[in-house]
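Residue-level structure breakdown
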Amino acid sequence: MAGVGAGGDPREPPRNLQGLLEMAVAATGPQTEHREPMGEERQRWLRAAVAEAMGGAGQEVEELRRCLEVLARPCPGEEAAERGPGETAPHERALEVLAELCESLDNATDFCALGGLEVVLGLLGHPWAPLRAGAARVVGACAQNLPGAQGRALALGALPALLECLRGDPDPRVPPRALFAISCLVRAQAEGLAQFESLGGLEVLGGALQSPQAPLRARAAFLLHSLLREHPHLKEPLCRLGMVPQLVALLRTEHDGAHEHILGALCSLASDFPRVIRECRVPDLRLEELLRERRCLLQGREEFQEELEFCERLLQLCFETPTEESTMDR
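As the structure is a prediction and not an experimental result, all values here were calculated from the model.

**Some details on helix H11 (residues 201–208)**
Most of H11 sits out of view: six of its eight residues are buried. When we look at burial in H11, the residues that qualify are Gly201, Leu202, Val204, Leu205, Gly206 and Ala208. Elements that come into contact with the buried residues of H11 comprise helix H8 (158–168), helix H9 (174–186), helix H10 (190–198), helix H12 (214–230), helix H13 (235–240) and helix H14 (243–251).

Here it is in structure tokens:
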């Protein structure tokens, strides 16, 4: 879209009336035909539309401020970890609203400018689980598409706190939200990935793959697969952690949404990495038999097409095209 925002970027949405008018003028382009002056009724309509549009943005900033003011106040009975949810309802609702608002890049930018990250990061260690989960969700929503927010959150120490939530939080509502936020801080973010590795994030991710919660296992497998596709250097440390037999063992569990990403991760590990191919061929794993059975199970089922493709690819890599090169170390 044409038009210049407040920062001079043609792609940036206008943040004030002048910017909106400039965008509108630029969007029309040069006009050769004669145009009649705008009538008064049309002008009133346009003024009302502009006021409504700009007013909506201002209202969202005010809502951000209001939510942060709520979070800045202590919860009733702050010292009592066992208090009921009713006593923290305003704080929980404020976090829900912030997470929804921060799906917008403009709102996420304003949230950071208002010091919102500092406020919500302080809640990751709160004794009441819904506040920990809500804070993690806000961090993820704010950081998912905003490099500035990612860098700020990392500088404030978000990743160690989130990894602790993923690793050891006793409430099942918290780890999935923490994993979402971690994903938003480490994917396509070099600094975040470096921190993730140095803090033992790969081990923590391996632990999440063992979770009794199927949705958490699926999300952990998806993140592992994504990281391997984007960062092949992770193959070596993951092999040292015993990731290959761990993933194969997971394939033997009841079929669920994690299996597609587990097979994808194994394909990424095995591609151009002979060590993994040798591990996959270990007779005790019985992986070839498992893959052939899985292929029969998935064939003809359109909803599992991508999983079937991963299955066939892994069979081809490890068992159907043996070469001299594939048996040699790098």
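Once the structure has been displayed, the description carries forward.
**Quick look at the pattern of salt bridges**
A side chain with one charge may pair with a side chain of the opposite charge, provided their charged atoms come close. The tally for this structure, following the rule as stated, stands at 18 salt bridges. Ionic pairing is found between Glu236 and Arg275, a salt bridge with its closest N-O pair at 2.7 Å. Taken together, the residues Glu236 in helix H13 and Arg275 in helix H16 (residues 274–280) connect sequence positions 39 residues apart. The class for Glu236 is partly exposed, based on a relative accessible area of 30%. With a relative accessible area of 28%, Arg275 lands in the partly exposed category. Connected through salt bridges with shared partners, the residues Glu236, Arg240, Arg275 and Glu279 form a single ionic network.

**Some remarks on the nonpolar core**
Within the largest apolar cluster, 96 residues are counted, with the highest numbers of intra-cluster contacts made by Phe111, Leu162, Phe196, Leu224, Leu247, Leu287 and Leu314. Take this core: its biggest share by element is ten residues, from helix H6 (residues 129–143). Excluding its chain neighbours within four sequence positions, the residues that come into contact with Phe111 are Leu64, Leu68, Leu98, Cys102, Gly116, Leu117, Val120, Val138 and Cys142.

**Here we look at the packing of H8 against H11**
Put simply, H8 and H11 touch, their axes get as near as 9 Å, and they point 30 degrees apart. Judged by the inter-axis angle, H8 sits roughly parallel to H11. Here the hand of the crossing between H8 and H11 comes out left-handed. Side by side, H8 and H11 meet where Leu163, Leu166 and Arg167 of the first sit next to Gly201, Val204 and Ala208 of the second.

**Let's talk about the side chain of Asn107**
In this structure, Asn107 sits in helix H4 (residues 105–113). Looking at Asn107, the relative accessible area reads 4%, which means it is buried. A polar contact of 3.1 Å, which involves the side chain of Asn107, links it to the backbone oxygen of Leu101. In this structure, Asn107 is in contact with Glu60, Leu64, Leu101 and Cys102, ignoring residues within four places of it in sequence.

**Regarding the packing of H9 against H10**
Running from amino to carboxyl end, H9 crosses H10 at an angle of 125 degrees, the nearest separation of the two axes being 7 Å. Viewed along their axes, H9 and H10 adopt a mutual orientation that is oblique. Between H9 and H10, the residues in contact are Ile182, Leu185 and Val186 and Gly192, Leu193 and Phe196, respectively. Across the contact of H9 with H10, the residue classes tally to five nonpolar, one polar and no charged.

**Observations concerning the confidence of the model for the protein chain**
Per-chain confidence: the protein chain averages 86 in pLDDT, with 77% of residues scoring 70 or above. Predicted confidence for residues 1–8 stays below pLDDT 50, and this span has 24 contacts to residues more than four positions away or in other chains. Per-residue pLDDT stays below 50 along residues 324–330; that stretch engages in twelve contacts with residues further than four places along the chain or on separate chains.

About the cut-offs
Residues numbered from 1 in each chain as written. Predicted model: local features only at pLDDT ≥ 70, side-chain atom pairs only at ≥ 80, totals over all residues. Heavy atoms only, no water. Buried < 20%, exposed > 50% of the residue type's maximum accessible area, 1.4 Å probe, protein only. Helix = DSSP H or I, 4+ residues; strand = E, 2+ residues; numbered from the N terminus. Contact = heavy atoms within 4.5 Å. Salt bridge = Lys/Arg side-chain N within 4 Å of Asp/Glu carboxyl O. Core = buried A, V, L, I, M, F, W, Y, C linked by side-chain atoms within 4.5 Å. Axes fitted to C-alpha atoms, helices over the stretch in contact; angles between N-to-C directions. Parallel < 35°, antiparallel > 145°, perpendicular 65-115°, else oblique. Left-handed = near helix turned anticlockwise from the far one by under 90°. Polar contact = N/O pair within 3.5 Å; in protein donor to acceptor, adjacent residues only side chain to side chain. Nonpolar A, V, L, I, M, F, W, Y, C, P; charged D, E, K, R; others polar. pLDDT = per-residue confidence, 0-100.

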